[in-house]
Amino acid sequence: DDDIFSSAFCENSEKLINVHLFALAAKYYSLPNLGVCTPLEDVLEALKGDSEGATGIKPDEFMNNKKSHEVQVMSELIDSIANYCGIKQVIDIGSGKGYLSSFLSMQYNLKVYGIDSSSSNTNGAHKRNKKLKKHWRAYQSRGRENLKSQNLEEANNRPVESEINCKAINEELLNNASSLQNQDQMIIQDIVPSCGSIEMATPETSPETEADLVSGTQSHEAKLSEEILAVLNVLPADAVEDFSSSQFNCRELSEEEKVQRKMTSLKTKARKSSESNLYFPLTSCITAETELNDIITDLEDCMMVGLHTCGDLAANTLRIFTAKPEIKAVCSVGCCYHLLSEQFENQEGNSSELIWGFPMCQYLKDKGWCCGRNARMSACLALERVAVGQMLPTESLFYRAVLQVIIEEIYGVTKSDRHVGKTFSKSSSFIDYVRRSLKKLELDDSKLPDSCIMDYYEKYKHRMNELEAFNMLKVVLAPCIEVLILLDRLCYLKEQENVAWSGLVKLFDPVKSPRCYAVIALKSQSYS
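Residues numbered from 1 in each chain as written. Predicted model: local features only at pLDDT ≥ 70, side-chain atom pairs only at ≥ 80, totals over all residues. Heavy atoms only, no water.

Some thoughts on the overall build of the protein chain
- A tally of regular secondary structure across the protein chain gives 20 helices and 7 strands.
- Look at the contacts in the protein chain between residues 6 or more apart in sequence, and 73% of them connect residues 24 or more apart.
- Roughly 28,300 Å² of accessible area belongs to the protein chain as shown, and the carbon and sulfur atoms make up 50% of that amount. (Helix = DSSP H or I, 4+ residues; strand = E, 2+ residues; numbered from the N terminus. Contact = heavy atoms within 4.5 Å. Areas by Shrake-Rupley, 256 points an atom, 1.4 Å probe, with all protein chains shown as cover.)

This is the structure in structure tokens:
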């Protein structure tokens, strides 16, 4: 096969002469065709066994379509891994605005620490999490109302059966009311030693009082058990008090309800004190040598996750996982390959003592393998999106290419630590684009007249189609370069003695989320 594909290039000039064969070769060496990925369905089945997962609540109302898709799929996998490993603590590396962290906390009752190097992201995550709780309560309440309406409609269609069920429910409710009071008494005794000062309804009641209790507190008990106690299992504890107080202030409370309110409040405080089921955004820069105990004081057995961790952060996440015994599993989806540091990219700085983003595995290190920035930039392109008609931004790429010629020929600059960024979207013309870009690069644009800028534009305008064809070839090659980076990370995990299982799993729809592959690993129990 290698001999066949090599004929895509001229043997003497090494130029590309067969584009079709080049595309076939690129497809042949892409992840879907290499057979190295583990299907997501197989992973979930192996982790869950016969157990049922949590009822899924779609986060569509809280996130855009892309983020909703990513969070929903990845959170289900993370919850399955956490349950399989018997852990409740999750560390989200590069958590950003906290989309994944907050959903894991609210939907799956996991205690999540979201760590991001940007304080603005962390502060934004705090504010967003507070707003999200309010929307989440409304979302949950609407779901319960729909369920109640459905149950009521079914009951009206079966009046005789409803009457029998109602009698059974009344008897069960009476038993549950007594049981609930006894449980609450025990909780209060554990929290408040001098609970004798708290007035409580006695569980010993006469038959007449029992009948009144059933009819007078049926709606209250139903709301309490279905709304408050159920929400306690979904929302972080500090969201509950606001919900309960705003829900019932609109009417006069009976003595039984006042007592129950006190009990619920004490339960909430007890849950707060244990600090379970919460999301904590933290600001810290994570490296391969980071000591998590310095950041998280109550670090326990946990798993590390990362949704689109940039550059070296994805590699460092795997290194921390293998080095720390408390971390039992990892699920990492990387991105921004162009930001990876490479050990062999600059020969003068290839010290083996430093920690690099690529290569990670010993096999590629021994070969001194290097991708280079251009290849890594190509790996970030989205072939699947182009395949469905989402074409490359040819005009902005053309602007950037001509700008490169200008700054080399006029200013003699071939390399800069500064970036142009998203200047194209803010520019009204090519002249405006060049001048904005030169300011960002801290280059004097006063010596460059408009006529000179337009001369460069006209000189290269006829090559725009050529540029588009070149970029399409880069898109075709992108999956092959991504394969190299992902397999390097997988091989690194395979080399570790304390890793029981590791694999590559395609999590997302690549059209919605081009960086769709997760690196997953579980620790060996003997190394726990």
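Next comes the rest of the description.
Focus: a nonpolar patch on the surface
- A surface patch of nonpolar side chains, about 300 Å² in accessible area, is lined by Tyr-28, Tyr-29, Leu-34 and Val-36.
- In this fold, Tyr-29 is placed in the loop between α2 (19-28) and α3 (31-34). (Patch = residues over 30% accessible without salt bridge, like charges linked within 9 Å, V, L, I, M, F, W, Y side chains within 5 Å. Salt bridge = Lys/Arg side-chain N within 4 Å of Asp/Glu carboxyl O.)

Comments concerning the sheet that holds strand β1 (residues 89-93)
- If you walk across this open sheet you meet the 7 strands as β3-β2-β1-β4-β5-β7-β6, and the pairing is mixed. In this open sheet, the two strands that pair with only one neighbour each are β3 (279-283) and β6 (499-506). Averaged over all neighbouring strand pairs, the angle between strand axes comes to 15 degrees, with direction disregarded.
- For strand β2 (residues 111-116) and β3, the ladder comprises 5 bridges, and the chain directions are parallel. Counted as the bridge partner of Asp-116 is Thr-283 from β3.
- Helix α5 (residues 65-85) rests against β1, β4 (302-310), β5 (327-335) and β7 (517-523) of the sheet, and its axis sits at about 160 degrees to β4. (Pairing = 2+ DSSP bridges. Axes fitted to C-alpha atoms, helices over the stretch in contact; angles between N-to-C directions.)

Let's talk about the confidence of the model for the protein chain
- Mean pLDDT for the protein chain: 77, with 66% of residues reaching 70 or above.
- For residues 160-251, every residue scores under 50 in pLDDT, and the model assigns this stretch 107 contacts once sequence neighbours within four places are set aside.
- In the model, residues 269-277 has pLDDT below 50 throughout and makes 20 contacts with residues more than four positions away in sequence or in other chains. (pLDDT = per-residue confidence, 0-100.)

Side note on the packing of aromatic side chains
- Applying the stated criterion to the full structure yields 12 aromatic pairs.
- Geometrically, the ring pair formed by Tyr-399 and Phe-424 is edge-to-face, given 5.2 Å between the ring centres and 75 degrees between the ring planes. Remark: Phe-424 occurs in the loop between α17 (394-409) and α18 (430-440) and Tyr-399 occurs in helix α17; sequence separation between them is 25 residues.
- Under the relative-accessibility criterion, Tyr-399 is labelled buried at 8%.
- Here Tyr-399 and Tyr-457 contribute two aromatic rings whose centre-to-centre distance is 6.4 Å and whose plane-to-plane angle is 80 degrees, an arrangement assigned as edge-to-face. Placement of the pair is Tyr-399 in helix α17 and Tyr-457 in helix α19 (residues 450-460), with a sequence separation of 58 residues. Considered together, Tyr-399 and Tyr-457 belong to a single accessibility category, that of buried residues.
- Cluster of aromatic residues (ring-pair linked, three or more members): Phe-398, Tyr-399, Phe-424, Phe-430, Tyr-433 and Tyr-457. (Phe/Tyr/Trp six-rings, centres within 6.5 Å; stacked < 30°, edge-to-face > 60°. Buried < 20%, exposed > 50% of the residue type's maximum accessible area, 1.4 Å probe, protein only.)

Topic: the packing of α17 against α18
- At a minimum axis separation of 11 Å, α17 and α18 run at an interaxial angle of 55 degrees. On the basis of the axis angle, α17 is oblique to α18. The element α17 and its partner α18 pack so that their crossing is right-handed. Between α17, through Tyr-399, Arg-400, Val-402, Leu-403, Ile-406 and Ile-407, and α18, the contact on the second element is made entirely by Phe-430, Tyr-433, Val-434, Ser-437 and Leu-438. (Parallel < 35°, antiparallel > 145°, perpendicular 65-115°, else oblique. Left-handed = near helix turned anticlockwise from the far one by under 90°.)

Digging into the side chain of Ser-378
- Within the fold, Ser-378 resides in helix α15 (residues 373-379).
- At a separation of 3.0 Å, a polar atom in the side chain of Ser-378 contacts the main-chain carbonyl oxygen of Asn-374.
- In contact with Ser-378, not counting residues within four places along its chain, are Lys-474, Ala-478 and Ile-481. (Polar contact = N/O pair within 3.5 Å; in protein donor to acceptor, adjacent residues only side chain to side chain.)

Description of helix α4 (residues 40-48)
- Along α4, the residues classified as buried are Leu-40, Val-43, Leu-44 and Leu-47. For α4, the arc enclosing every buried residue in end-on projection is 95 degrees, short of the 170-degree limit, so these residues lie on one face. Exposed positions of α4 whose direction lies more than 90 degrees from the buried face are Glu-41, Glu-45 and Ala-46.
- Tucked inside the fold, the buried residues of α4 contact α5 and β6.
- Two residues or fewer past α4, Gly-49 is found with a positive phi of approximately 65 degrees. (Arc of directions from axis to C-beta.)

Examining the packing of α18 against α19
- Contact geometry of α18 with α19 gives a least axis separation of 10 Å together with a crossing angle of 110 degrees. Taken together, the axes of α18 and α19 are roughly perpendicular relative to one another. Judged by residue contacts, Phe-430, Ile-431, Val-434 and Arg-435 of α18 engage Asp-450, Ile-453, Met-454 and Tyr-457 from α19.
- Within the contact of α18 with α19, the residues separate by chemical class into 6 nonpolar, no polar and 2 charged. (Nonpolar A, V, L, I, M, F, W, Y, C, P; charged D, E, K, R; others polar.)

A word on the nonpolar core
- Of all hydrophobic cores here, the largest spans 72 residues; its most connected members are Met-74, Leu-77, Ile-81, Ile-91, Met-303, Cys-331 and Leu-507.
- For Ile-81, the contacting residues outside a window of four places in its chain are Leu-47, Met-303, Ala-329, Cys-331, Ile-520 and Leu-522. (Core = buried A, V, L, I, M, F, W, Y, C linked by side-chain atoms within 4.5 Å.)

Considerations on the environment of Leu-100
- Within the secondary structure, Leu-100 is located in helix α6 (residues 99-108).
- Between the C-alpha atom of Leu-100 and that of Val-71, which follows or precedes it by 29 residues, the distance is 5.4 Å.

Considerations on the pattern of salt bridges
- In the structure shown here, the tally under the stated rule is 16 salt bridges.
- Of the charged contacts in the structure, one is a salt bridge between Lys-67 and Glu-70, with a shortest N-O distance of 3.4 Å. Note that Lys-67 and Glu-70 are positioned in helix α5 at a spacing of 3 residues, about one turn of the helix.
- Under the relative-accessibility criterion, Glu-70 is labelled buried at 0%.
- Each of the salt bridges in this network shares a partner with another, and the network as a whole consists of Arg-435, Lys-439, Asp-445 and Asp-450.

Digging into the environment of Ser-332
- If you trace the backbone, Ser-332 turns up in strand β5.
- Its relative accessible area of 3% is what places Ser-332 among the buried residues.
- In this structure, the C-alpha to C-alpha distance between Ser-332 and Asp-92, residues 240 residues apart in sequence, is 9.5 Å.
- Setting aside residues no more than four positions away along its own chain, Ser-332 makes contact with Gly-306, Thr-309, Ala-314, Thr-317, Leu-318, Tyr-517, Ala-518 and Val-519.

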